[in-house]
Amino acid sequence: MTAVRRARFFRRSVPDAVATELDFHVAMIEHDLVRAGTDPAEARRIAAARFNNRPTITAECRRIGQQTERTVRRTLHVQEFIDDLRFAARQLLKSPGFALIAVLTLAIGIGATTVIFSAVDAVLLRRFAFAHPERAVFVNELVMHQDGNVSAGNYVDWVAMSRSFGGLAAEEFRNVNLTTSDAPERVLAGRVSANFFPMLGVAPLRGRVFAGSEDQPGNDDVVILSEGLWRSRYGGDPGIIGRQVQLDDRRHTVIGIMPASFDPTVNDEQLWVPIAFTPDRRAQHDEHYLTVIGTLKPGVTIAQAQADMDGVSRIEAGRFPKDVTGAHVVGLTTFITAQYRTPLLLLQGAVLLVLLIACGNVANLQLARSSARAREMAIRAAIGAGRGRIGRQLLTENLLLALVAGAVALGLARLGIAALRANAPQGIPRLEQAHIGGGVMLFAIAAALGSALVSGLTPALRSTRRDLQTTLRESGRQNQGAVRDRLRTALIVAEVALSLPVLIGAGLLLRSAMHLQHVDPGFDLDNVVMARVILPVGTPAEHIVTVQRLVDDLAARPGIVSAAMTSQAPMVPGGTSNGLLPEGKPFSQENLVQSRLRLVTPGYLGTMRLRLKQGRWFTDQDVAGAPLVMVISEAVAKAMFPGENALGKRIGCCEPNSYKTVIGVVGGVRSDGPAQEIVPEFYLPLAQAPADAWSWIGNIVSVTVRANTADPAAATAAIRAAAHDIAPGTPVYRVSTMRAALASTLEVDHFNTLLLVALGVIGMLLAAIGIYGVVGYFVTLRTHEIGIRMALGATRGNVLRLLAWQGVRPIAIGIVVGTALATWATTLLRSSLYGVTPRDPLTFALVIGVLLLAGVLATVIPARRATRVDPAATLQA
Amino acid sequence: MPMLSKDRLRGTLDVLILKTLTWGPRHGYAVARWLEETTGDTLTIEEGSLYPSLYRMEQRGWIESEWGTSELGRQAKFYKLTAAGRKQLRVETAEWQAFVDVVSRVLLPG
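It should be emphasised that the depicted structure is a prediction, and the values quoted were computed from it without experimental measurement. (Residues numbered from 1 in each chain as written. Chains lettered and ligands numbered in written order. Predicted model: local features only at pLDDT ≥ 70, side-chain atom pairs only at ≥ 80, totals over all residues.)

1. Some thoughts on the overall build of chain B
Then comes step 1: Counting secondary structure elements, chain B contains four helices and three strands.
Then comes step 2: Listing each helix as α and each strand as β along chain B from the N terminus yields α-β-α-α-β-β-α.
Then comes step 3: Seen along its three principal axes, the alpha-carbon backbone of chain B occupies a region of about 55 × 30 × 25 Å.
Then comes step 4: Taken across its 110 residues, chain B has 28% of its residues classed as buried.
Then comes step 5: Residue pairs in contact within chain B that sit at least 24 positions apart in sequence constitute 46% of those at least 6 positions apart. (Helix = DSSP H or I, 4+ residues; strand = E, 2+ residues; numbered from the N terminus. Buried ≥ 20, exposed ≤ 12 C-beta atoms within 10 Å, placed from the backbone. Contact = placed C-beta atoms within 7 Å.)

2. Focus: the overall build of chain A
Then comes step 1: Scanning chain A for helices and strands turns up 27 helices and 23 strands.
Then comes step 2: Counting only C-alpha atoms and orienting by the principal axes, one finds that chain A spans roughly 135 × 90 × 50 Å.
Then comes step 3: Taking all 877 residues of chain A together, 40% fall into the buried category.

3. Brief notes about the interface of chain B and chain A
Then comes step 1: Tallying the contact residues gives 20 residues for chain B and 22 residues for chain A.
Then comes step 2: Residue assignment for the side of chain B that touches chain A shows that the elements contributing at least two residues are helix H2 (28–38), helix H3 (47–60), strand S2 (63–69) and strand S3 (75–81) of chain B.
Then comes step 3: Per-element tally for the side of chain B that touches chain A: the top contributor is H3 of chain B, with eight residues.
Then comes step 4: Tallied by class, residues from the side of chain B that touches chain A come to seven nonpolar, six polar and seven charged. (Nonpolar A, V, L, I, M, F, W, Y, C, P; charged D, E, K, R; others polar.)

4. Brief notes about the sheet that holds strand S1 (residues 26–27) of chain B
Then comes step 1: Read from one edge to the other, the open sheet built from three strands follows the order S1-S3-S2 (chain B), with strand pairing classed as antiparallel. What marks the edges here is a single partner per strand, and that holds for S1 and S2 of chain B. (Pairing = 2+ DSSP bridges.)

5. Notes on the environment of Ser 151 of chain A
Then comes step 1: One can find Ser 151 of chain A in strand S3 (residues 150–151).
Then comes step 2: Sequence separation between Ser 151 of chain A and Val 312 of chain A is 161 residues, and the spatial gap between their C-alpha atoms is 15 Å.

6. Topic: the nonpolar core
Residue and element names in this part refer to chain A.
Then comes step 1: Counting residues in hydrophobic clusters, the biggest one holds 98 residues, and the most contacted among them are Leu 106 and Val 354.
Then comes step 2: With 18 residues, helix H11 (residues 332–372) is the single largest residue contributor to this core.
Then comes step 3: Residues within four places of Val 354 in sequence aside, it is in contact with Gly 109, Ala 112, Val 502, Leu 759, Ile 762, Gly 763 and Leu 766. (Core = buried A, V, L, I, M, F, W, Y, C linked by C-beta atoms within 7 Å.)

7. Some words on the pairing of strand S5 (residues 185–192) of chain A
All names here are of chain A.
Then comes step 1: Both strand S4 (residues 165–179) and S5 contribute to a ladder of eight bridges, which runs antiparallel. Each bridged residue has a counterpart across the sheet, and for Arg 174 the counterpart in S5 is Ala 189.
Then comes step 2: Direction of pairing for S5 relative to strand S10 (residues 271–274): parallel, over a ladder of four bridges. What sits directly across from Arg 191, in S10, is Val 273.

8. Considering unusual backbone geometry
Residues and elements named next belong to chain A.
Then comes step 1: Not every positive phi belongs to a glycine, and Met 571 is a case in point at roughly 70°.
Then comes step 2: You can see Met 571 is positioned in the loop between strand S14 (560–566) and strand S15 (577–582).
Then comes step 3: Here Met 571 falls in the buried class, since 23 other C-beta atoms lie within 10 Å of it.

Spelled out as structure tokens, the structure:
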């Protein structure tokens with residue numbers, strides 16, 4: 001493109017060029033006329049007359065000329081950029097070692113950042129697949145000022161009385177046995193009102209959604225499958241629609257399939273059936289089991305909807321004073337992602353710090369290289385390259401590095417995301433959808449460009465500022481004046497300061513995890529194995545017999561110390577909760593103590609090794625017909641009978657006009673895991689279970705077994721065999737040791753800890769590598785000086801101290817700055833910490849010690865090299 | 001099928017200028033003079049058509065310009081044919097030939 005090249009040297013403005021050209025034309029006309037014998041004055045007049053349309057010509061030529069110039073300028077920039085890129089590629093290929101290390105460092109940083117961002121994107125940012133996710137809300141009932149489930153009666157009244165919602169839909173979760181032709185499979189079903197799908201505005205993948213007429217008892221034998229179940233169980237066969245499947249004991253016709261993206265409550269329900277309230281249900285206000293989802297009418301805010309529901313609740317509370325206290329409207333997205341927001345954003349912050357440290361290291365490498373290239377730059381400046389031009393060239397090199405690093409990073413991120421999805425704990429909503437999509441791709445590109453800027457700007461500025469005469473004159477010998485290189489020192493300070501908050505955060509989480517190892521769960525969980533068992537269909541009396549036979553059968557097997565049944569084992573989410581009312585107090589919400597119900601067989605105390613604090617535990621005599629008895633935990637005793645002896649007191653609960661006598665008090669159990677508070681609990685003998693209780697627990701019980709070894713194999717086999725003996729085909733599932741169940745309550749915390757520790761260690765290693773590089777560079781520069789010092793009698797110790805100080809001083813400053821940063825940053829961790837404060841001095845001290853040690857090692861190793869300098873050799877050089 | 005249109009008339013000036021420049025770089029005035037002389041002054045080249053034509057062809061990359069010193073010792077802009085311009089000239093000439101052939105077959109039969 002020769003026109004382009006020429007334009008570089010000729011920068012004449014377009015109007016000026018046009019005027020000059022036309023002036024010349026007029027002059028030539030005059031000139032020719034004069035030569036042909038015309039009088040010069042006359043010639044000028046004729047020429048001017050011929051050119052009477054000059055303004056028009058000028059305007060048109062200017063217009064076209066300016067267009068041309070714009071095009072040329074654009075091409076010129078692109079051309080320069082391509083030249084720079086080509087040159088940059090050549091330069092980088094000339095030092096492949098540098099290029100490789102820089103690309104890898106950046107790629108790891110960008111890749112890690114991208115992996116975490118993909119999780120942030122999937123869990124927090126991605127829109128729910130509804131028509132208007134921003135309008136979707138949960139409407140919860142308030143139970144003792146806490147969000148709880150909704151009764152069918154309240155739901156029906158809310159639909160009739162509220163004014164703020166485009167729709168209110170109800171869903172009940174229930175485990176069901178799905179049988180097609182082979183063995184039954186246990187799946188989670190969502191029983192939903194007919195408006196559930198249309199309200200959220202999601203079309204089925206195939207088939208149709210429920211018709212209003214199907215949401216009626218007797219007409220409700222239809223089922224909609226999730227895409228996941230459809231693919232895994234039915235191989236994605238479209239012919240499944242119209243076929244029949246069996247759910248528990250009833251046949252249902254498959255009418256539709258919902259797409260995988262539809263996941264309204266992130267409970268992973270695998271199929272939906274109509275909820276089909278009976279008239280009895282519609283009038284029931286005291287059983288709270290529904291999840292209510294609504295959509296706000298356009299323009300209605302959550303606060304307005306809350307005010308609306310407050311009004312509705314006041315009317316309802318007047319009608320059902322026992323059962324209604326209030327309603328809580330909360331954004332669906334907020335509610336689902338709230339608890340993951342802070343940990344994920346903290347990880348994102350931490351990984352960005354690590355990326356910055358990586359950039360620091362690459363900047364450092366660049367500096368080392370730019371010193372080596374100082375002559376090249378000076379020569380280029382001397383032959384006329386402008387400061388901006390050289391700076392741009394260096395930035396282009398970084399850009400190329402970053403783009404290559406970004407491409408490698410995307411490859412690494414793909415592996416990282418797969419690893420994240422495979423290893424992340426269950427139950428983080430929507431994490432399984434993390435992938436490299438458009439948003440994540442853009443983020444990776446932005447991270448790469450940002451890295452190019454951060455790691456390239458400082459060296460570029462510095463290279464262009466060098467005095468070229470000095471550099472050219474110095475020719476061979478390295479520049480002694482650069483020894484106290486402020487920029488390099490600043491990089492060490494920054495890297496240390498950035499890595500410290502990440503390391504301290506990791507340290508705090510580790511301390512917290514160690515603390516949780518030693519938290520007393522309130523029972524002895526070693527050697528305990530548990531499993532869920534679905535009892536064969538039967539009456540409550542038959543259930544009690546089955547359970548008793550199962551327990552006796554189990555306890556008699558070899559390797560089993562004792563066995564028991566409970567409606568709900570600790571460390572497993574779920575269970576029902578009841579309001580306890582002390583005898584003699586009037587019924588009101590204030591007098592009720594909410595407490596978790598555990599129906600147990602007498603062997604439970606011994607099997608779990610609960611601590612009996614007062615009174616006695618259940619015996620085989622506490623059966624139906626005998627006086628009704630109850631054991632409460634210390635927390636319940638304290639809440640209901642402060643300063644009194646709870647033994648012998650009577651408590652109303654669980655069924656109308658029934659009081660049970662407290663016969664014992666047991667120590668509290670951390671049933672939700674060691675990270676959670678002790679849960680108020682009460683125990684009833686399974687043999688005295690209230691009639692309704694069997695429907696609360698859905699005929700499912702947990703068997704708990706204490707084995708005589710830590711190996712769960714024998715106990716697991718025993719549980720399966722015993723269940724088979726009692727009733728062949730009885731489903732046994734979720735078999736697990738108590739230890740594993742406890743660990744799974746901590747899974748999310750542990751995973752966060754693991755990630756943050758990994759990031760902290762990577763950050764520290766990068767910082768150490770950076771320090772090593774800088775100190776090594778200083779040592780090389782000062783070899784000559786060290787030679788002189790040693791020749792003049794300096795000892796190795798003197799030299800080592802001198803050089804070490806050069807590295808240790810910025811490390812110390814970095815630690816001071818980093819500690820200040822960390823004191824602020826760790827407060828963000830507060831909600832993730834147990835048994836340790838965000839400013840735990842011990843953690844701070846230990847982490848600073850470790851970082852200092854790493855820094856000093858990174859300083860001393862290259863510094864020791866200097867002490868091996870042979871003075872004679874250096875001085876002769 | 002070639003057609004006689006306004007574009008063709010304007011295109012005709014373009015192609016004449018391109019042809020002129022095959023003899024070497026020239027400034028605008030020289031191009032006009034050369035064309036007038038070659039046609040025995042039957043063709044008058046309007047400045048109002050000449051310069052816009054030159055600028056347009058430069059934009060299209062058919063010709064390129066360079067400032068130089070003219071016979072009067074003044075700054076003048078010299079135009080030069082590019083490879084693209086040479087190709088354009090070949091195409092236009094062939095089209096012109098085809099056009100003339102067709103018209104001739106009608107107007108001058110035999």
